[in-house]
Amino acid sequence: MSTNEALLTLEGWYTYHDFRKINWEKWKKATQEERDAAVDELQGLIRTWEANEQEQAGSTTVYSILGHKADLVFMFLRPTMQELDAIKTAFNKTKFADFTDVDYSYISVVELSNYVHNPGEDPKSNPHVRERLYPILPKWEHICFYPMNKKRDGQDNWYMLTMQERQEMMRSHGMIGRKYAGRVKQIIGGSVGFDDWEWGVTLFANDPLEFKHIVYEMRFDEVSARYGEFGNFLVGNRVTSESLQAMLQL
Ligand code: VOV
């Protein structure tokens, strides 16, 4: 029973996760002067991102990534795709970029799926909705990122469910999420048509165990248990310009 009840989604800032590996071999071979110049240039770029955030014209955050999948993630939110592309190019023109390899990136747009809205209201005039579509990223200690799909597999096809069925499941999902209020902040990036999965999920927490607990708890909820398909998970620690300097010091 196909219902073709596509959902109205609300979109906010465009999102670019730039995961980089540091080429330590090259870094160690560079002279102290070359390294200092590269770090200075990077710090200059970070200051421009901070100024952009001060002006509420976007948001940026940097984390170091654990394990072999990446060393750093730069997460950018900006009003247009042009700005995201310009950021990538500016970064790649720096000396620091010569010491990095890009293994993974993700493009999406901050999305609210409007399953739970107040009828008759223009959602974008609601300050709570605006805060979620144009979020200033929290400066919390840890980040967790993973892409995901909703399954289209035989009987388990999310896109063949009625609006009401989807709404009920999303309500239950939201109830679980709400238990983590103040401890886990989620940014859902819609990436249909932009990247290889349907959503990029970014979570922030001060205690990394919150990620384990919320993802595990959601696995038992029907929308994740039956319909969730997940890509690679990446987890990281917050980096400030001072700790980045220390990380790169030999
Ligand atoms: C802090 C926790 C938290 C909270 C409060 C929360 C709430 C909500 C609400 C109320 C809604 C629906 C309306 C909207 O706002 O879009 C959503 C929507 C969504 N979610 Fe969520 N979610 C959380 C957290 C949270 C997590 C941890 C995950 C990953 C799932 C898992 O198993 O690993 C997730 C996924 C999503 C997705 C992919 C969508 C879009 C689904 C679609 O089909 O369109 N989400 N989510």
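Under an unreviewed UniProt entry, the protein chain has the name Coproheme decarboxylase and belongs to Brevibacillus composti. Looking at the protein chain in UniProt, the text filed under Pathway (unreviewed entry) is "Porphyrin-containing compound metabolism; protoheme biosynthesis." Regarding the protein chain, the UniProt comment filed under Sequence similarities (unreviewed entry) reads as follows: "Belongs to the ChdC family. Type 1 subfamily."

1. Overview of the pattern of salt bridges
This model, assessed by the stated rule, comprises ten salt bridges. For K29, the salt bridge identified is with E25, shortest N-O distance 3.4 Å. With K29 and E25 both in helix α1 (residues 24-29) and four residues apart, the pair spans about one turn of that helix. Note on accessibility: K29 and E25 belong to one class, exposed. Salt-bridge contacts for D156 lead to R226; the nearest nitrogen and oxygen are separated by 3.5 Å. Residue D156 is found in strand β7 (residues 156-157), and its partner R226 is found in the loop between α7 (222-225) and β10 (228-230); the two are separated by 70 residues along the sequence. Overlapping salt bridges bring together D156, E222 and R226 as one network.

2. Structural notes on the UniProt feature "active site" (unreviewed entry) in the protein chain
Feature annotation in UniProt places "active site" (unreviewed entry) on Y146, given in this structure's numbering. Apart from the residues within four sequence positions on either side, Y146 is in contact with W199, G200, V201, L203, V215, F230, N232 and F233.

3. Quick word on helix α5 (residues 163-179)
In this model α5 runs 25 Å from its N-terminal to its C-terminal C-alpha over 17 residues, within 8% of the 24 Å that 1.5 Å per residue would give. For α5, every residue scored as buried is listed here: R166, M169, M170 and I176. Angular distribution of buried residues about the axis of α5 spans 110 degrees; they occupy a single face of the element. Across α5 from its buried face, at more than 90 degrees, point the exposed residues Q164, M175 and R178.

Cut-off values and rules
Residues numbered from 1 in each chain as written. Predicted model: local features only at pLDDT ≥ 70, side-chain atom pairs only at ≥ 80, totals over all residues. Heavy atoms only, no water. UniProt positions renumbered as here; feature names shortened; annotations may be inferred. Salt bridge = Lys/Arg side-chain N within 4 Å of Asp/Glu carboxyl O. Helix = DSSP H or I, 4+ residues; strand = E, 2+ residues; numbered from the N terminus. Buried < 20%, exposed > 50% of the residue type's maximum accessible area, 1.4 Å probe, protein only. Contact = heavy atoms within 4.5 Å. Expected span 1.5 Å × (residues − 1). Arc of directions from axis to C-beta.

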